[in-house]
Amino acid sequence: MLVGLLTAVVVAIPVVVLWARGELVWWEVLLLPVGCVAGALLAAPLLRRGGIDVDESGVHPVIPGPARREFAPWHHINDIRAERRGARTVPVIYLDGDRSWRLRVPYDGVLLGGDPHFDEKLCTIRNMWETHHTWQRDPVAGDD
């Protein structure tokens, strides 16, 4: 929605200028909707996509395409916090070895970039971690 809104503003400026000068013809009226659709279609592949799946084994990223997949089992996660990154608040998981992983969603941002259920989702992720991080780890081969 934000990309479509920005495209509409950029395309509307010349249309409004031509209309104010009285030089607007019928095909220029079509410039606004066609420009908005074209801008949204061109920007769609550039938008970041993805997410996470949270289950009893840990946090799994959901990334379309042949992207590198990370996995964070619960017993390797030390903490989960909401942190400010620029104008957004995002969940960050802290792993063993002083590594951190900024989750793509959910996030709380400005304008149309916020998730209205951010707090609920963050609480769900933290609750899953608190429930599962002390569970029995997989036995090491050879241990009885």
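Look up a bit, the structure's there.
This write-up is about the structure you can find in this document. (Residues numbered from 1 in each chain as written. Predicted model: local features only at pLDDT ≥ 70, side-chain atom pairs only at ≥ 80, totals over all residues. Heavy atoms only, no water.)

1. Quick notes on the packing of aromatic side chains
Here's step 1: In the structure shown here, the tally under the stated rule is 0 aromatic pairs.
Here's step 2: Here Arg-81 stacks its cationic end above the ring of Tyr-94, 4.4 Å away from the centre of that ring. (Phe/Tyr/Trp six-rings, centres within 6.5 Å; stacked < 30°, edge-to-face > 60°. Lys NZ or Arg CZ within 6 Å of the ring centre and 35° of its normal.)

2. Regarding unusual backbone geometry
Here's step 1: Phi is positive for Asp-98, close to 60°, though the residue is something other than glycine.
Here's step 2: With respect to the element layout, Asp-98 can be found in the loop between β5 (88-95) and β6 (99-102).
Here's step 3: Under the relative-accessibility criterion, Asp-98 is labelled exposed at 80%. (Helix = DSSP H or I, 4+ residues; strand = E, 2+ residues; numbered from the N terminus. Buried < 20%, exposed > 50% of the residue type's maximum accessible area, 1.4 Å probe, protein only.)

3. Looking at the sheet that holds β6
Here's step 1: As summarised here, the arrangement of the 3 strands in space is β4-β5-β6, forming an open sheet in which the pairing is antiparallel. Edge strands, defined here as strands with exactly one partner in the open sheet, are β4 (77-85) and β6. Neighbour-to-neighbour, the strand axes of the sheet open up by a mean angle of 30°, direction not taken into account.
Here's step 2: Bridge count for β5 against β6 is 4 bridges, and the pairing is antiparallel. Residue pairing for β6: Leu-95 is matched across the bridge by Arg-99. (Pairing = 2+ DSSP bridges. Axes fitted to C-alpha atoms, helices over the stretch in contact; angles between N-to-C directions.)

4. Quick look at the nonpolar core
Here's step 1: Of all hydrophobic cores here, the largest spans 14 residues; its most connected members are Val-59, Ala-72, Ile-77, Ile-80, Ile-93, Trp-101 and Leu-103.
Here's step 2: Secondary structure elements with two or more residues in this core: β4, β5 and α4 (118-132).
Here's step 3: Here the element with the most residues in this core is α4; it accounts for 4 residues.
Here's step 4: With residues up to four places along the chain from it excluded, the contact list for Ile-80 reads Trp-74, Val-92, Ile-93, Leu-122, Ile-125, Arg-126 and Trp-129. (Core = buried A, V, L, I, M, F, W, Y, C linked by side-chain atoms within 4.5 Å. Contact = heavy atoms within 4.5 Å.)

5. Some points on the pattern of salt bridges
Here's step 1: One pass over the full model with this rule turns up 4 salt bridges.
Here's step 2: The partner of Arg-81 in a salt bridge is Asp-79, and the shortest N-O contact between them spans 2.7 Å.
Here's step 3: A salt bridge links Glu-130 to Arg-126; the shortest N-O distance between them is 3.4 Å. Taken together, the residues Glu-130 and Arg-126, both in helix α4 and 4 residues apart, mark about one turn of the helix.
Here's step 4: According to the relative accessible area criterion, Glu-130 is partly exposed, its value standing at 43%.
Here's step 5: Among the charged side chains, a salt-bridge network with shared partners connects Asp-79, Arg-81, Glu-83, Arg-126 and Glu-130. (Salt bridge = Lys/Arg side-chain N within 4 Å of Asp/Glu carboxyl O.)

6. Things to note about the sheet that holds strand β3 (residues 72-73)
Strand pairs in the sheet, formed through backbone hydrogen bonds, run parallel or antiparallel to each other.
Here's step 1: One open sheet accounts for 3 strands, arranged β1-β2-β3; its pairing is antiparallel. The outermost strands of the open sheet, each flanked by one partner alone, are β1 (51-55) and β3.
Here's step 2: In the sheet, strand β2 (residues 58-62) pairs with β3 via 2 bridges, with the strands oriented antiparallel. Bridge pairing in β3 links Gly-58 to Pro-73.

Remember, this is a structural readout, not a statement about activity or role.
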